[in-house]
Amino acid sequence: MTDPADPRRSMALLIGTSTYESEKLSPLPAVDNNLDALAAALRDSRTWGLAQDHCLVLRDVREPGDILLELLRVAREPLDTLLVYFAGHGLIDPTANELVLATTRTTATEPRLTGLHYPTVRSVLRNRRARRLLVVLDCCFSGRAVDVMADPSSVVVGQLPIEGTYILASTDAVTPGKATGEDQYTAFTGGLLQVIGGGVPGGRPFLTPGDLFHHTRDLMVGRGWPQPTQCHEDTIRELPLMRNLWKTAGRWLAGRGSPGATAPPHVPDRTGGVDASDLVVGAHIGVSAIRPRYGPGSHDSLAALGAAIAREDPRWLPGMELVRDVMTAMRREYGDGAATAAIVTADLLSGVHSAVAAGAPWQEVTGRVQEQAEAVRHWLGDPVRDGQPDAVEDLERAVATALGDLPEAALVMSAIARVGTDRVEITTGAAAELSVVSGLALDTAVLVPNAAARPVTFYEPYVLVAPEGAVPVEELQRIGWREPAPLLIIAPRVDSFTVSALHRLFARTIAVVRPTDPAVDWPALCARAGDTLLPGHPLARASAALITPASTTITALPGTAPSGTGHVLVHAGPPGASGHAGAVRALTVARAAARSGVRPGGGTTLYRAGRALGSEDRQHPTANGLWRTALAAPLRQLVRNAGQDPDATTALLDAALTDLALGFECEAGAVTDLCAAGVLDPVATLRGVVENAAAAVSRYVAAL
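Residues numbered from 1 in each chain as written. Predicted model: local features only at pLDDT ≥ 70, side-chain atom pairs only at ≥ 80, totals over all residues. Heavy atoms only, no water.

K.L.:
Would you mind going over the sheet that holds strand 5 (residues 98–101) with me for this structure?
P.N.:
The pairing of strands in a sheet comes from backbone hydrogen bonds and takes either a parallel or an antiparallel form. One open sheet accounts for three strands, arranged 4-5-6; its pairing is antiparallel. The sheet is open, and its two edges are formed by strand 4 (90–93) and strand 6 (116–117), each paired on a single side. Taken together, the four bridges between strand 4 and strand 5 define a ladder with antiparallel strand orientation. Each residue of the ladder has a partner; that of Leu 91, found in strand 5, is Val 100. (Pairing = 2+ DSSP bridges. Helix = DSSP H or I, 4+ residues; strand = E, 2+ residues; numbered from the N terminus.)

Structure, rendered in structure tokens:
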């Protein structure tokens, strides 16, 4: 999936709400500017070059259903790439703890009834025809849309586990976005437009979704604003999306270090209030709470940092909070690597600060640090193991390396073994023990209600499978089933008299759908429903069902899905419980390994990445040295905590530079073959360490 996004066969749907009927939702005039500027940027022949009718704008739509209809229309188009963008207020549905996108009529008190429920958007987009999908959300709490969220109380993890999908959200799952009436654009979209219009220094000819995310994040981190969030499946993160305009944007690099040189486009002006020296010291104080127990085991490094923050001098808090932001981003996006990223960040900041304090131009130092970060990311891009194994052994080893022997991790891996990483979701549940139940997705035509054009969502419905169209009305009536619950029937046909009788029996809506696949396996559908509720008839209770004109998605059917099909829901206990958090992290780590491949031992691999920079760049030796030192820090700390000599260990590794599998194994306390020992880390996690550390340098620059 590395061929460029073809503008002739691609489309963008830009949705924005700037005015609201509810007095409790403030107007967002910057959203109008967002839509105009982003549409112009995507239509510009120098960037993506979308045609006018392939870049659609929906502005201040009142009814959520009207937006869904347009989403359904573009989802049916046989496109190469589809981009969906939303800007406006984001609200949290208090009953389901999920994201609701606000339309003009949305009220703050009843968001679920008056707004655009994001899970409905997700289900519509899941059935798109476009090969690749990008979702960009610029709203409060937009991280709720991301597949694995940092917040352990999130109700459903894996909201968009779709092949070929990339989600870019302006904030995490719990943070409000930032927009002021004084700004031309909202903070996130403004940063995104700056990256598109100014390009990426020293970057590739085409910008990828990953480029847009990382360089927009640098801008927002440097300004102290909420960090954006990303989620991606497969290789779409590296999709060549639009041209990199850096070469025509007027380089600041040409004059850096000379009198009157201007700041680079990606570095903000000084914000004040934080001293750069204090920021660096605070980062080291925070990391000092992590270093002593860094290594394999169940030690929660984020909890250790939180305890240190609670008792520390306020003077050092900005630096400690910077470390916490880095660790939280790692935990959210990759499930692991938080402590490693913290150690690399602290060492890198220390090196940058020392170089600047010694008289080196800060533009020179920080510019080269960013360029070398890209070189390290490129070196890490080739996995030693390909990341898409036929079996799940490498994924299991990556999860075990990150989390140790956790029972919830074993359960998640059993679900992955059935259906793969993309079709596993984690949800809360009241059960004391974890359980796995299956879901179902079908291409269907809606028979009842007649000519239904809008999506319909049933909560806790009864699901009846009727292969011959015969519905057991008398049996249902005999058992006195008058509970006010919806009924969904999957059948080739149902006569109108039966539907009328069922309407009298069930207090809520009834829907009948017909599978459109002529080779549908009716016995398998019956088995999925089971007959425990009504002996002799395949009837089951599901948690939810989404019915669109073209498809039906049912979650939490109690039956067993055939291996390799359907979605698997892992019920992981109540929100905030250790089992739930462990399952979330296990799935995140497994997905990172599946989409990017694995390398042996993160500490060893980062050390080798630093050595690979070399010292041959005599014009700019500082950046090479800074990264070499910072990337060696995690390995040296691991060796030190294992009671061994770091210098002796690194000497052994230097003597075997070509043997990439050779590294330090903490349990054995020796240098050994890490692949044979099963010590593997996702390439995505290691790249995330480098990206987050480089982004932290922007925060340091803002304090100069």
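K.L.:
I'm lost on the pattern of salt bridges in this one. Help?
P.N.:
It is possible for side chains bearing opposite charge to pair when their charged atoms get close. Enumeration over the complete set of coordinates arrives at 23 salt bridges. Arg 291 is paired through a salt bridge with Asp 347; the nearest N and O atoms lie 2.9 Å apart. In this pair, Arg 291 sits in the loop between helix 7 (276–288) and helix 8 (301–310) while Asp 347 sits in helix 10 (residues 338–357), placing the two residues 56 residues apart along the sequence. In this structure Arg 291 comes out as buried when scored by relative accessible area, which is 18%. You can call Asp 347 buried: its relative accessible area is 19%. With its nearest N and O atoms 2.8 Å apart, the salt bridge here joins Asp 647 to Arg 636. Placement of Asp 647 in helix 20 (residues 646–654) and of Arg 636 in helix 19 (residues 621–641) is noted, with a sequence separation of 11 residues between them. (Salt bridge = Lys/Arg side-chain N within 4 Å of Asp/Glu carboxyl O. Buried < 20%, exposed > 50% of the residue type's maximum accessible area, 1.4 Å probe, protein only.)

K.L.:
What should I look at first to understand the packing of helix 9 (residues 317–334) against helix 22 (residues 683–702) in this one?
P.N.:
Pairs of packed helices are described in terms of their axes, by the angle between the two and the distance that separates them. In contact at an axis separation of 10 Å, helix 9 and helix 22 are set at 150° when each is read in the N-to-C sense. Taken as axis vectors, helix 9 and helix 22 run roughly antiparallel relative to one another. The hand of the helix 9/helix 22 crossing is right-handed. Contacts between helix 9 and helix 22 involve Pro 318, Leu 322, Asp 325, Val 326, Ala 329, Met 330 and Tyr 334 on the former and, on the latter, Ala 684, Thr 685, Gly 688, Val 689, Glu 691, Asn 692, Ala 696 and Arg 699. In terms of residue class, the contact of helix 9 with helix 22 is made up of nine nonpolar, three polar and three charged. (Axes fitted to C-alpha atoms, helices over the stretch in contact; angles between N-to-C directions. Parallel < 35°, antiparallel > 145°, perpendicular 65-115°, else oblique. Left-handed = near helix turned anticlockwise from the far one by under 90°. Contact = heavy atoms within 4.5 Å. Nonpolar A, V, L, I, M, F, W, Y, C, P; charged D, E, K, R; others polar.)

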